[in-house]
Amino acid sequence: MSIYKHIPFNKPYMTGDESFYIKDAVLSGKISGNGKYTKLCQNFFEQKYGFGKCLLTTSCTDALEMAAILINISPGDEVIMPSYTFVSTSNAFVLRGAKIIFIDSTKDNPNIDVSKIEKLITNKTKAIVPVHYAGVACDMDVIMDLSKKYNLFVIEDAAQAIDNFYISRDGEKKALGSIGHLSTFSFHETKNVISGEGGMLVINDSKFYSRAEIIWEKGTNRNAFFRGEVDKYGWVDIGSSFLPSDIIAAFLWAQLEHIEKIQKKRKLLWELYYQKLKVYCNKNNVKMPFIPKYSAKNGHLFYLVFKSKKQRDLIIKKMKNNNIDAVFHYLSLHKSEFYKDKYKGEQLYFSDYYSDNLLRLPLFYSLSENQLNRIVSIIINEKI
Ligand SMILES: *Cc1c(COP(=O)(O)O)cnc(C)c1O
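Centre distance and the angle of the planes are the two values used to describe a pair of aromatic rings. Per the counting criterion, the structure on display carries 30 aromatic pairs. On the numbers, 5.5 Å between centres and 65° between planes, the contact of Tyr84 with Tyr133 is edge-to-face. Of the two residues, Tyr84 sits in the loop between strand S2 (78-82) and helix H4 (87-94) while Tyr133 sits in the loop between strand S4 (125-128) and helix H5 (140-150), which places them 49 residues apart along the sequence. With relative accessibility at 1%, the residue Tyr84 sits in the buried group. Ring geometry for Phe102 against Tyr339: centres 5.3 Å apart, planes inclined by 85°, an arrangement best described as edge-to-face. Linking Phe102 in strand S3 (residues 99-103) with Tyr339 in the loop between helix H10 (309-321) and helix H11 (349-357), this pair joins segments that are 237 residues apart in sequence. In this pair, the class of Phe102 matches that of Tyr339, namely buried. Three or more aromatic residues joined by ring pairs form one cluster here, namely Tyr84, Phe86, Tyr133, Tyr303, Tyr330, Tyr349, Phe350, Tyr353 and Tyr354. Sitting over the face of the ring of Phe165, Lys173 holds its NZ or CZ atom 4.5 Å from the ring centroid.

Below is the structure:
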């Protein structure tokens, strides 16, 4: 047992209203999908962020799988995405037979290097999947221009990007998730607003609206039937059971009612880390999170990038000795056991660099300033 009090990497924040809304859902007697709370959550997102149609899903992974079905990914199609991402970004398309074209991260942050996309577009390319890492926006103007020029779909993996914004080159502020044809969000307990497991598909291109509902409901036109648009419902397409129980949605609703408060606190903690570590990082050649001028911030995660894996791992060990969980993040997917033999592209220097050198610090709603100071002091007292 350590003499130091444990600081976990993440601690899910409960607003206190979750059990009230879950109880209400239970007492209503209607707890399957697409009930009262599902509709409340979906409307909330559509109205607050200017999203097209929103459909809650059981995870962001499921939302990505729905997206792959919606754009008709078939064997041999190529899908462009960063290698530095979560496995589901890629797996959802591989499940439908796609070949993944992995692109390197930028030198400044782990987001996809948009300058490397165009030369990898072929007549088999079907989609680009930018991932807003740490909730920081990718360069969406460039990606949307490429999508228009080559007639490609853009699916934003916005799992970490709730309540953040992109500032387009003509100065327009757009919510992340509102820009691509489709976008996916996660409410996994490690994200900013949570439902344990949970996610959402955002459909911004209205031509996908009706088919998305069908795929969501096991390939049936059940929703159109309930709206009285057809007089019987049946099997009309492929699909699966992608919709969560209304109990999950009731939990999420409690979180959404407090989203402003949650975001304010997370952004404050992010700023504290930034201010307190700035001088040390400058002096020691450790990189801070880089926020491009086209991105706002959402306080999803705070990371540092060390000069070497050895230094990074040393800090992880120091943290452990002090009973603090600081953790690395993705391992390049193109080098994963599953994909390495299939990958024929060039070396992805920055993807590997973030795999080796990036460290995430604890950041969660109930992290106190004292705890944050303890974390910071361990870093700045370590000679590297
Ligand atoms: C969390 C995350 C996912 C997966 O979300 P689930 O809801 O757990 O399926 C996918 N992509 C990225 C970038 C994520 O951070």
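Quick look at the domain arrangement of the protein chain now. Here the protein chain is partitioned into domain 1 (18-256) and domain 2 (259-380). Taken together, the contact pairs 42 residues of domain 1 with 37 residues of domain 2. Here domain 1 is connected to domain 2 by one salt bridge. The partner of Lys48 in a salt bridge is Glu260, with the nearest N and O atoms 2.4 Å apart. Taken together, the links from domain 1 to domain 2 amount to 28 residue pairs in polar contact (both at pLDDT 80 or more). For the side of domain 1 that touches domain 2, the element with the highest residue contribution is S3, accounting for four residues. Tallied by class, the residues present in the side of domain 1 that touches domain 2 amount to 22 nonpolar, twelve polar and eight charged.

The environment of the ligand is formed by 14 residues, the closest being Thr61, Asp157, Gln160, Ser186 and Lys191. Within the side chain of Lys191, a nitrogen or oxygen atom sits 3.2 Å from an oxygen atom of the ligand. Separating an oxygen atom of the ligand from a side-chain N or O atom of Tyr330 is a distance of 3.4 Å. For the ligand, whose unbound accessible area comes to 380 Å², protein coverage reaches 93%. A breakdown of the residues in the shell around the ligand according to their chemical character gives five nonpolar, seven polar and two charged.

Before going further, it helps to examine the nonpolar core. Formed by 49 residues in total, the largest nonpolar core has its most connected members in Phe45, Phe51, Ile117, Ile143, Phe187, Met200 and Leu256. Element by element, the count of residues in this core is highest for helix H8 (residues 246-256), at six residues. The residue makeup of this core includes at least three contributed by each of domain 1 (18-256) and domain 2 (259-380). Ignoring anything within four residues of it in the chain, the contact list for Leu256 reads Cys41, Phe44, Phe45 and Val193. Within the second largest apolar cluster, 36 residues are counted, among which are Ala92, Phe93, Ala159 and Ile215.

Cut-offs applied
- Residues numbered from 1 in each chain as written.
- Predicted model: local features only at pLDDT ≥ 70, side-chain atom pairs only at ≥ 80, totals over all residues.
- Heavy atoms only, no water.
- Phe/Tyr/Trp six-rings, centres within 6.5 Å; stacked < 30°, edge-to-face > 60°.
- Helix = DSSP H or I, 4+ residues; strand = E, 2+ residues; numbered from the N terminus.
- Buried < 20%, exposed > 50% of the residue type's maximum accessible area, 1.4 Å probe, protein only.
- Lys NZ or Arg CZ within 6 Å of the ring centre and 35° of its normal.
- Domains from an automatic or database assignment.
- Contact = heavy atoms within 4.5 Å.
- Salt bridge = Lys/Arg side-chain N within 4 Å of Asp/Glu carboxyl O.
- Polar contact = N/O pair within 3.5 Å; in protein donor to acceptor, adjacent residues only side chain to side chain.
- Nonpolar A, V, L, I, M, F, W, Y, C, P; charged D, E, K, R; others polar.
- Near = heavy atom within 4 Å.
- Areas by Shrake-Rupley, 256 points an atom, 1.4 Å probe, with all protein chains shown as cover.
- Core = buried A, V, L, I, M, F, W, Y, C linked by side-chain atoms within 4.5 Å.

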